[in-house]
Amino acid sequence: MSHRTRTIIAVVLCLFGLAYASPNLFPRQPGPPPEGITAYLPVHPLTLGLDLQGGSHLLLEIDAQTVIAERLDDLDLDLRRAFREARIEFARMGILGQSLRGEITNPEQLETAEEILSDIAHDRLTFTLEDTGTFTIDYTDAGLLALRSDILSQSIEVVRRRIDALGTNEPVIQQQGQDRIIVQLPGEDDPVRVRRLLGETAKLTYHMVHQTLRRPSEGRGYLVLPDRDVDSEGNPVAWYALERRVVVSGENLTNAQPSFDNNGQPAVTLAFDSVGTRRFGETTANNVGRQLAIVLDREVLVAPVINVPILEGNAIISGGGFTVSSANELSILLRAGALPAPMKIIEERSVGPKLGADSIRAGQMASIIALLAVVVFMILRYRLYGVIATVSLLMSLVLVVAILSVLGSTLTLPGIAGIVLTVGMAVDANILIFSRIREESRRGLSTVAAVHEGYKNALTTIIDSNLTTLIGALILFYFGSGAIRGFAVTLSVGVVCSMVTAIMVTRLLLVALEQRRRHA
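On a predicted model such as this, the values are computed, not experimentally measured, just so you know.

Enquirer: Talk me through the overall build of the chain; I want residue IDs and the actual numbers.
Expert: On a plain count of helices and strands, the chain comes out with 14 helices and 18 strands. The C-alpha radius of gyration computed for the chain amounts to 33 Å, which surpasses the reference 24 Å derived for 520 residues by more than 25%, pointing to a less compact arrangement than a globule. With the principal axes as the frame, the chain shows a C-alpha extent of 105 × 65 × 45 Å. By residue count, 40% of the 520 residues in the chain fall in the buried class. Per element, the accessible surface of the chain, about 27,600 Å² overall, is 56% carbon and sulfur. Between the centroid of the 47 positive side chains of the chain and the centroid of its 54 negative side chains there is a distance of 13 Å.

Enquirer: With reference to specific residues and values, describe the sheet that holds strand 7 (residues 172-176).
Expert: The 4 strands are arranged 7-8-2-17 in an open sheet whose pairing can be described as antiparallel. Looking along the sheet, the strands with just one partner apiece sit at the ends: strand 7 and strand 17 (343-351). Direction aside, the axes of adjacent strands within the sheet are offset by 15° on average. Judged from the 5 bridges that link them, strand 7 and strand 8 (residues 180-186) form a sheet pairing that is antiparallel. Considered in strand 8, the bridge of Gln174 is made with Ile182. Its contacts with the sheet put helix 6 (residues 191-199) on strand 2 (55-62), strand 8 and strand 17, and the angle it makes with strand 17 is roughly 160°.

Enquirer: Explain the nonpolar core residue by residue, including any values.
Expert: Counting 42 residues, the largest nonpolar core has Leu79, Phe83, Val159 and Ile181 as its most contacted members. Every element with two or more residues in this core is listed here: strand 2, helix 3 (64-85), strand 4 (99-104), helix 4 (110-120), strand 6 (134-139), helix 5 (141-166), strand 8 and helix 6. One finds Leu397, Ile419, Ala450 and Tyr455 within the second-largest nonpolar core, a separate group that totals 35 residues.

Enquirer: An account of the pattern of salt bridges is needed here, citing residue identities and associated values.
Expert: Tallied over the full model, the rule gives 14 salt bridges. For Arg92, the salt bridge identified is with Glu103, shortest N-O distance 1.9 Å. Taken together, the residues span a long stretch of sequence, with Arg92 in strand 3 (residues 90-96) and Glu103 in strand 4 at a distance of 11 residues. Under the relative-accessibility criterion, Arg92 is labelled exposed at 67%. Beyond isolated ion pairs, a larger network of salt bridges with shared partners links Glu61, Arg180 and Lys344.

Enquirer: An account of the side chain of Thr136 is needed here, citing residue identities and associated values.
Expert: Tracing the backbone shows Thr136 in strand 6. Exposure remark for Thr136: the relative accessible area of 14% places this residue in the buried category. In this structure Thr136 touches Ser99, Leu100, Arg101, Thr126, Phe127 and Thr128, once residues within four positions along its chain are discounted.

Rules used throughout
- Residues numbered from 1 in each chain as written.
- Predicted model: local features only at pLDDT ≥ 70, side-chain atom pairs only at ≥ 80, totals over all residues.
- Heavy atoms only, no water.
- Helix = DSSP H or I, 4+ residues; strand = E, 2+ residues; numbered from the N terminus.
- Rg over C-alpha atoms; globule rule 2.2 N^0.38 Å.
- Buried < 20%, exposed > 50% of the residue type's maximum accessible area, 1.4 Å probe, protein only.
- Areas by Shrake-Rupley, 256 points an atom, 1.4 Å probe, with all protein chains shown as cover.
- Lys, Arg positive; Asp, Glu negative; His and termini not counted.
- Charge placed at Lys NZ, Arg CZ, Asp CG, Glu CD.
- Pairing = 2+ DSSP bridges.
- Axes fitted to C-alpha atoms, helices over the stretch in contact; angles between N-to-C directions.
- Contact = heavy atoms within 4.5 Å.
- Core = buried A, V, L, I, M, F, W, Y, C linked by side-chain atoms within 4.5 Å.
- Salt bridge = Lys/Arg side-chain N within 4 Å of Asp/Glu carboxyl O.

Here's what the structure looks like:
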């Protein structure tokens, strides 16, 4: 590679680093992230992690078993309906574990029953039908794995939509294991609100009310659910026997907004899609004078009486004891969609902004002390060459910040530790190069020739030493998670940048210095 080519590459690298690191000197500009080609322009600084700017950290666990039980329950209803329509005699049908079992009591109907079972038990299900009439429907292993994977990915998407509605900057939402989700919300100072939003399943359904009960045992054969309101002892004020058929559900919602009812009380206004509008209109037209229950997460919010048909596809949830805040939160939940499975918060941590500010100051102080110590040592030990090494080191740090900004990385305390470690390691290559140049000078070579031979002899050692560190950082990234990965990313970028600046920038400065000395 010619000297001209090296010069061009070094200059381009320096300009790139200065351009993309410069936004970190100014406050973050509000507004949505840029799109298209503007997303690659130097406009955004590094994002500070939870430990630097404060916020909330939650670990959520998904109860996939509940969804499996619900799917089997729906399968039970579908199969009973299909058997009745085909006039097939059956008995002892029910759910046992993760299987649906039953018995065909008329041997002459086994062939017809097998056709129905084959139609229903498709995709992720398998069935067996014995000559005695006993049948079993089970999930396949692959079906269960695929179902759990779908539940996890859907849950992550719903959580992301709910968090976006909070307006939190740069949230971290990622999978951990097979059934857990990590949520980090930098800058979020209301963990109670976050807990409410993420803890609610927000599964909304409408059911016709069969009757109001005093005891849940009286509603045998129906879907029995409690009223959301409780008495002084914490017991539901009423129980409802509901028809299992869902009139409309949250899947038919197109919008949900907080509003006020005719009495000026907080409420939630709903808008349905075309399918929901048709179903809601037919149900309200055919059941004037009956109660229609609005169910949220298996609790009856309200059960108003249908006075007139509602044909416009709009409904309002009122009388549920809402406040302005709770009506707004319910609207957010319904717009984001229901979680496919219940979730519980198994770990929660909050970091105050003051602690984050203290962490930033401590990290800055550590970085400055490390940088000054290295700079002083290099200048005392190598004189003018030490000044060149200092310039190369500063440019290496600028490149680290620039690349992390381009990658959209989040800077955390372990990341700062990686930068501090990089400061100490960044001069290793320069020390090797300077030592080789001194050796070549003692052999009688000219300064320019000594620089060329010094780089040539030191290059292999530089690559080997940095490569071993890079391998260690990659292993940390592969096997680690969270903060460990942040440290590994910062260290990897720092190692690469220090090696590149030592080879390109330091050489350019050395050659320029020697050429100036020769022409002086």
